[in-house]
Amino acid sequence: MASTTGLYLPLSIIAGETLDLPFDISVGGTPVVPADVNFLGQFKLTVNSVTTSFTFTFVVDAVDANIMHATYAFADSENLVAGTYDYEIRMLRNGMVKTIFYGTLAVQAAMVT
C-alpha cells in the first residue's frame, strides 16, 4: 500500500470514535461527481509479521453531492489495537486507478471505557 502518487495526509483516531474524511475531487479543474467514480480504501497494521487489514466505507455527502466521505464506524474502531497503521485511498475512474490519499493512521486507545 505504500504509495507516493497521491496526497500524503496523516490521520488519527481514538478507538471507539468514527473516522470521517470528507473530500472532493477535481480533474483539470472540473469537479468529479463521486457517484461517477468508485473508491477503494484500506488501512493495515503489521505486528509480528501478521498483517491485518481494515476497509473504509465511502458515502456521498447528504447535502453536497460533490463531496465524498471515507469513514470507519465507531462500532468497528472500538476493537482497533492502538498503533500506527498505513492507509491508502484510491479512485477508479474510466478504467484507471489513482491513489488520491495515503499516509499513516494513528490509532490511540480510548481514555474512558
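Look up: the structure comes first, before these words.
Every value quoted in this text rests on a predicted model; they were computed, and no experiment measured them.

Calculation criteria
Residues numbered from 1 in each chain as written. Predicted model: local features only at pLDDT ≥ 70, side-chain atom pairs only at ≥ 80, totals over all residues. Heavy atoms only, no water. Helix = DSSP H or I, 4+ residues; strand = E, 2+ residues; numbered from the N terminus. Buried < 20%, exposed > 50% of the residue type's maximum accessible area, 1.4 Å probe, protein only. Polar contact = N/O pair within 3.5 Å; in protein donor to acceptor, adjacent residues only side chain to side chain. Salt bridge = Lys/Arg side-chain N within 4 Å of Asp/Glu carboxyl O. Pairing = 2+ DSSP bridges. Axes fitted to C-alpha atoms, helices over the stretch in contact; angles between N-to-C directions. Phe/Tyr/Trp six-rings, centres within 6.5 Å; stacked < 30°, edge-to-face > 60°.

Novice: What's the story with the side chain of glutamate 88 in this structure? I'm lost.
Specialist: Within the secondary structure, glutamate 88 is located in strand β10 (residues 83–93). What makes glutamate 88 buried here is its relative accessible area of 4%. Within the structure, glutamate 88 has its side chain in polar contact with the side chain of arginine 90 (distance 3.0 Å). Here threonine 99 takes part through its side chain, which lies 2.9 Å from a polar atom of the side chain of glutamate 88.

Novice: Mind showing me how you'd approach unusual backbone geometry here?
Specialist: In most cases, non-glycine residues show a negative phi, while peptide bonds are predominantly trans. Of note, asparagine 94 is a non-glycine position whose phi angle comes to about 50°, a positive value. Its place among the elements puts asparagine 94 in the loop between β10 and β11 (96–108). Of the residues examined, asparagine 94 reaches a relative accessible area of 69% and is grouped as exposed.

Novice: What is the right way to read the pattern of salt bridges from this model?
Specialist: Side chains that differ in charge, positive against negative, can pair when their charged atoms come close. Overall, the coordinates contain 1 salt bridge when judged by the stated rule. Note that arginine 90 is salt-bridged to glutamate 88, the shortest N-O span being 3.0 Å.

Novice: I tried to follow the sheet that holds strand β3 (residues 19–23) on my own but got confused; where do I start?
Specialist: The strands that make up a sheet are held in pairs by hydrogen bonds between backbone atoms, and each pair lies either parallel or antiparallel. The strand order across the open sheet formed by 3 strands is β3-β9-β8, and the pairing between neighbours is antiparallel. Only two strands of the sheet have a single partner each, and these edge strands are β3 and β8 (57–60). For this sheet the average axis-to-axis angle between neighbouring strands, irrespective of direction, equals 25°. Pairing analysis gives 5 bridges linking β3 to strand β9 (residues 68–72), with the strands arranged antiparallel. Its bridge partner being in β9, phenylalanine 23 is matched across the sheet by methionine 68.

Novice: How do you make sense of the packing of aromatic side chains when you look at a structure like this?
Specialist: What characterises a pair of aromatic rings is the spacing of the ring centres plus the angle enclosed by the ring planes. For the structure on display, the rule yields 11 aromatic pairs. A centroid spacing of 5.2 Å and a plane angle of 25° characterise the contact between phenylalanine 43 and phenylalanine 54, whose relative ring orientation is stacked. Highlighted residues: phenylalanine 43 in strand β6 (residues 38–47) and phenylalanine 54 in strand β7 (residues 50–55), separated in sequence by 11 residues. Measuring from ring centre to ring centre gives 6.0 Å for phenylalanine 54 and tyrosine 85, while their planes differ by 65°; the resulting arrangement is edge-to-face.

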